[in-house]
Amino acid sequence: MKKGGTVFFCQSCGYESAKWSGQCPACRQWNTFAEEPAAPRVKNGAAVRKRSGGLKNGPVSLKEVASGDGERLSTGMGELDQVLGGGLVPGSLVLVGGDPGIGKSTLLLQVCRNLSVTLSGVLYISGEESLQQIRLRASRIGEFQDTLKLMCETNLADIEEVMLREKPVVAVIDSIQTMYQEDISSAPGSVSQVREATGVLLRLAKEQGITILIVGHVTKEGTVAGPRVLEHMVDTVLYFEGDRHASYRILRGVKNRFGSTNEIGVFEMQEDGLKEVANPSEYMLSGRPEGASGSVVACTMEGTRPMLLEVQALVCRTNFGLPRRTAAGIDCNRVNLLLAVLEKRLNLPFSSYDAYVNIAGGLRLSEPAMDLALVLALISSYRDVPVSGRTIVFGEVGLSGEVRAVSMAQQRVQEAKKLGFTRVLLPRSSMEQVKNISGIEILGVAAVKDALRFIG
Ligand code: TYD
Ligand code: MG
């Protein structure tokens with residue numbers, strides 16, 4: 001092998017290539033390749049160090065291994081615990097990704113604050129902010145215990161030394177892109193640095209039993225490696241998302257070795273830190289116009305959690321030849337497809353109408369169960385007749401205009417009832433899933449045309 005050679009890494013997904021290319025063949029992102037020195041892998045990394053230390057652990061019988069069940073650390077935030085599957089598992093490595101400025105540092109500082117009430121070893125390591133800056137942030141959040149220790153450091157060897165000496169129970173690394181190892185020649189934030197740093201942290205977590213939370217910035221331009229390149233190394237991956245203009249934030253679990261994925265937690269960013277939103281449906285529906293045409297309440301599932309939200313549509317006559325269609329929060333192609341179904345199956349002249357669709361609150365959804373609500377919102381706006389404000393709607397719409405079954409109908413109906421809705425419109429084939437719920441009218445429909453009579 002040529003000495004001192006370089007390789008190219010996609011900074012988005014970590015794909016490695018011998019030559020530069022404009023588009024990454026793995027993740028299809030453009031301009032994400034950056035040149036990094038090819039590190040001879042055997043010189044650093046855990047493998048060699050481990051081998052030189054001799055064999056520590058032989059094989060053991062599965063039955064002898066303590067299950068460690070129930071040993072979870074509560075973060076003091078119910079929403080976060082739910083996404084984690086019941087709290088932090090000791091000795092696990094958790095990645096918290098998200099856009100810069102979304103609130104990752106704030107969330108983790110709040111977690112540290114809560115944990116330090118009961119634990120004596122909580123360490124917050126920042127490579128981005130000075131101690132004063134962290135102090136300033138902390139003063140917005142509230143009172144802190146003496147047991148929370150701060151450190152500003154980016155050299156991973158020093159961090160490792162401190163961790164081995166202090167043996168914290170929980171440590172936060174903010175952020176992985178600022179950490180570096182001296183024996184790797186590429187710059188901090190490069191794919192090799194980020195991977196090697198995570199490797200070191202993984203070893204610390206597993207061998208010392210330290211729970212480590214890593215912050216990873218989602219990067220737009222290809223100069224810094226994104227959190228995706230280390231998703232496979234960690235136990236749990238959480239992404240913090242939210243509309244820049246809305247104050248709520250959604251924490252989504254995309255990988256979890258100790259719980260189910262796709263769970264979400266909802267938070268609101270306030271003056272004094274992040275606050276949990278215990279009832280997201282109520283929050284999403286607040287400010288909904290009652291009795292307006294084109295507005296329908298739908299129920300989507302986020303993991304195991306049902307969430308009610310408002311689907312809005314505005315349909316008006318096209319002034320120019322080609323109708324305009326825009327969709328916010330939902331795939332525009334899906335809207336076009338549903339409009340075509342309505343045109344063909346119900347003879348509605350949507351091809352000469354503009355259609356604008358919006359999921360109120362800035363959520364982004366891809367669940368087909370939203371179809372029926374979308375279709376009703378479009379027709380309601382087209383006819384300018386409102387759908388009853390006390391009705392919720394869910395169901396998938398097929399190309400023949402049929403309404404198809406969706407999963408977890410029972411949970412959706414229960415959520416609707418909890419929030420005081422009096423009528424549910426759902427696929428007829430999902431009706432048998434709904435049992436023993438009284439006080440709410442349940443109406444099954446088999447085709448879109450059966451649902452039309454509920455408009456008005
Ligand atoms: P931050 O946690 O620094 O984001 P990240 O670490 O993901 O880059 O969040 C910064 C934003 O949050 C910033 O715009 C200010 C805002 N903020 C509040 O609104 N209230 C607060 O109490 C705090 C600490 C921050
Ligand atoms: Mg930060």
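Note that the coordinates shown come from a computational prediction; the quantities given were computed from them, not determined experimentally.

Here is what the cut-offs are and how they apply
Residues numbered from 1 in each chain as written. Chains lettered and ligands numbered in written order. Predicted model: local features only at pLDDT ≥ 70, side-chain atom pairs only at ≥ 80, totals over all residues. Heavy atoms only, no water. Near = heavy atom within 4 Å. Polar contact = N/O pair within 3.5 Å; in protein donor to acceptor, adjacent residues only side chain to side chain. Areas by Shrake-Rupley, 256 points an atom, 1.4 Å probe, with all protein chains shown as cover. Helix = DSSP H or I, 4+ residues; strand = E, 2+ residues; numbered from the N terminus. Nonpolar A, V, L, I, M, F, W, Y, C, P; charged D, E, K, R; others polar. Core = buried A, V, L, I, M, F, W, Y, C linked by side-chain atoms within 4.5 Å. Buried < 20%, exposed > 50% of the residue type's maximum accessible area, 1.4 Å probe, protein only. Domains from an automatic or database assignment. Contact = heavy atoms within 4.5 Å. Pairing = 2+ DSSP bridges. Right-handed = clockwise from strand over helix to strand, strands pointing away. Buried area = accessible area lost by both parts, 1.4 Å probe. Salt bridge = Lys/Arg side-chain N within 4 Å of Asp/Glu carboxyl O. Phe/Tyr/Trp six-rings, centres within 6.5 Å; stacked < 30°, edge-to-face > 60°. Axes fitted to C-alpha atoms, helices over the stretch in contact; angles between N-to-C directions. Left-handed = near helix turned anticlockwise from the far one by under 90°. Expected span 1.5 Å × (residues − 1).

Q: Explain the site of ligand 1 to me, please; I cannot follow it from the model alone.
A: Among the 16 residues in the neighbourhood of ligand 1, the closest are listed as Gly 101, Ser 105, Thr 106, Gln 270 and Gly 273. For ligand 1, an oxygen atom lies 3.0 Å from a polar atom in the backbone of Gly 103. Within the contact set of ligand 1, an oxygen atom lies 2.6 Å away from a side-chain nitrogen or oxygen of Thr 106. Notes on ligand 1: free accessible area 560 Å², of which the protein chains cover 76%. Counting only elements with at least two residues in the shell around ligand 1, the list comes to helix H3 (104-118), helix H4 (131-141) and strand S11 (264-270). Take the shell around ligand 1: its biggest share by element is three residues, from H3. Split into classes, the residues belonging to the shell around ligand 1 amount to three nonpolar, seven polar and six charged.

Q: Where do I start with the nonpolar core in this structure?
A: Most often, soluble globular proteins have nonpolar side chains that are buried together. Counting residues in hydrophobic clusters, the biggest one holds 50 residues, and the most contacted among them are Leu 342, Leu 363 and Leu 378. Here this core gets eight residues from one element, more than from any other, and that element is helix H9 (residues 371-383). Shared between two domains, this core takes at least three residues from each, and those domains are domain 2 (72-278) and domain 3 (283-454). Leaving out residues up to four positions away in the same chain, Leu 342 has contacts with Asn 347, Leu 348, Phe 350, Val 375, Leu 378, Ile 379 and Val 448.

Q: Would you explain the pairing of strand S6 (residues 148-152) in this entry?
A: When a strand is regular, its side chains alternate between the sheet's two faces. The pairing of strand S5 (residues 122-126) with S6 spans five bridges and is classified as parallel. Within S6, the residue paired with Ser 126 across the bridge is Cys 152. This β-α-β element, S5 to H4 to S6, shows right-handed connectivity.

Q: Explain the domain arrangement of the protein to me, please; I cannot follow it from the model alone.
A: Where interface size is quoted, it is often the accessible area lost as the parts come together. Taken domain by domain, the protein consists of domain 1 (6-41), domain 2 (72-278) and domain 3 (283-454). Once you take the C-alpha centre of each, domain 1 and domain 2 turn out to be 26 Å apart. Taken together, the contacts link 13 residues of domain 1 with 15 residues of domain 2. Across the domain 1 to domain 2 interface the summed buried area is about 1,000 Å²; carbon plus sulfur atoms make up 47%. Across the contact surface, domain 1 and domain 2 share zero salt bridges. Applying the counting criterion to the domain 1 and domain 2 interface returns five residue pairs in polar contact (both at pLDDT 80 or more). Listing elements by their share of the side of domain 1 that touches domain 2, those giving two or more residues are strand S1 (6-10) and strand S3 (33-37). Counting residues per element, the side of domain 1 that touches domain 2 draws most heavily on S3, which supplies three residues.

Q: Can you walk me through the pairing of strand S16 (residues 353-359) in this structure?
A: In terms of burial, S16 is a largely internal element, five of the seven residues being buried. As judged from the seven bridges shared by strand S14 (residues 305-317) and S16, these two strands associate in the antiparallel manner. Paired with Val 315 across the strands is Ala 355, a residue of S16. Across four bridges, the pairing between strand S15 (residues 325-328) and S16 is parallel. Each bridged residue has a counterpart across the sheet, and for Ala 327 the counterpart in S16 is Val 357. Once the chain exits S15 it traverses helix H8 (residues 332-346) before rejoining the sheet at S16, and the crossover so formed is left-handed.

Q: Can you help me understand the packing of aromatic side chains in this one?
A: We describe a pair of aromatic rings using the distance from one ring centre to the other and the angle between the two ring planes. For the coordinates displayed, the defined rule picks out five aromatic pairs. Taking the centre distance of 6.4 Å and the plane angle of 85° together, the rings of Tyr 15 and Phe 33 count as edge-to-face. Of this pair, Tyr 15 sits in the loop between S1 and strand S2 (16-17) while Phe 33 sits in strand S3, and the two are 18 residues apart along the sequence. Since its relative accessible area comes to 8%, Phe 33 is described here as buried.

Q: Just to check I follow, could you spell out the sheet that holds S5 for this structure?
A: Taking strand neighbours across the sheet as the criterion, the nine strands line up as S6-S5-S7-S8-S4-S9-S10-S11-S12 in an open arrangement whose pairing is mixed. With one partner strand each, in any of the chains shown, S6 and strand S12 (273-276) form the two edges of the open sheet. For this sheet, the mean angle separating the axes of adjacent strands, direction not counted, is 25°. Direction of pairing for strand S9 (residues 236-241) relative to strand S10 (residues 248-256): antiparallel, over a ladder of six bridges. Within S10, the position partnered with Phe 240 by the bridge is Leu 251. Strand contacts of H4: S5 and S6, with the helix running at about 140° to S6, the strand carrying the most contacts. Contacts between helix H6 (residues 191-208) and the sheet are confined to strand S4 (93-98), strand S7 (170-174) and strand S8 (211-217), with S8 contributing the most and set at about 160° to the helix.

Q: In this structure, what is going on with the packing of H8 against H9? I would like to understand it.
A: The description of two helices packed together rests on the angle between their axes and the distance between the axes. Running from N to C, H8 and H9 point in directions that differ by 65°, and their axes come no closer than 10 Å. Where H8 crosses over H9, the handedness of that crossing is right-handed. Listed contacts from H9 to Arg 334, Val 335, Leu 338, Leu 339, Leu 342 and Leu 346 of H8 are Asp 371, Leu 374, Val 375, Leu 378 and Ile 379. Residue classes in the contact of H8 with H9 are distributed as nine nonpolar, no polar and two charged.

Q: I tried to follow H9 on my own but got confused; where do I start?
A: The α-helix winds at 3.6 residues per turn, so residues separated by three or four positions along the chain end up facing the same way. Its 13 residues place the ends of H9 18 Å apart at the C-alpha level, agreeing with the 18 Å of an ideal helix rising 1.5 Å per residue. With respect to burial, H9 is a largely interior element, eleven of its 13 residues being buried. Along H9, the residues that are buried comprise Asp 371, Leu 372, Ala 373, Leu 374, Val 375, Leu 376, Ala 377, Leu 378, Ile 379, Ser 380 and Ser 381. Phi for Asp 384, located one or two positions after H9, is positive at around 60°.

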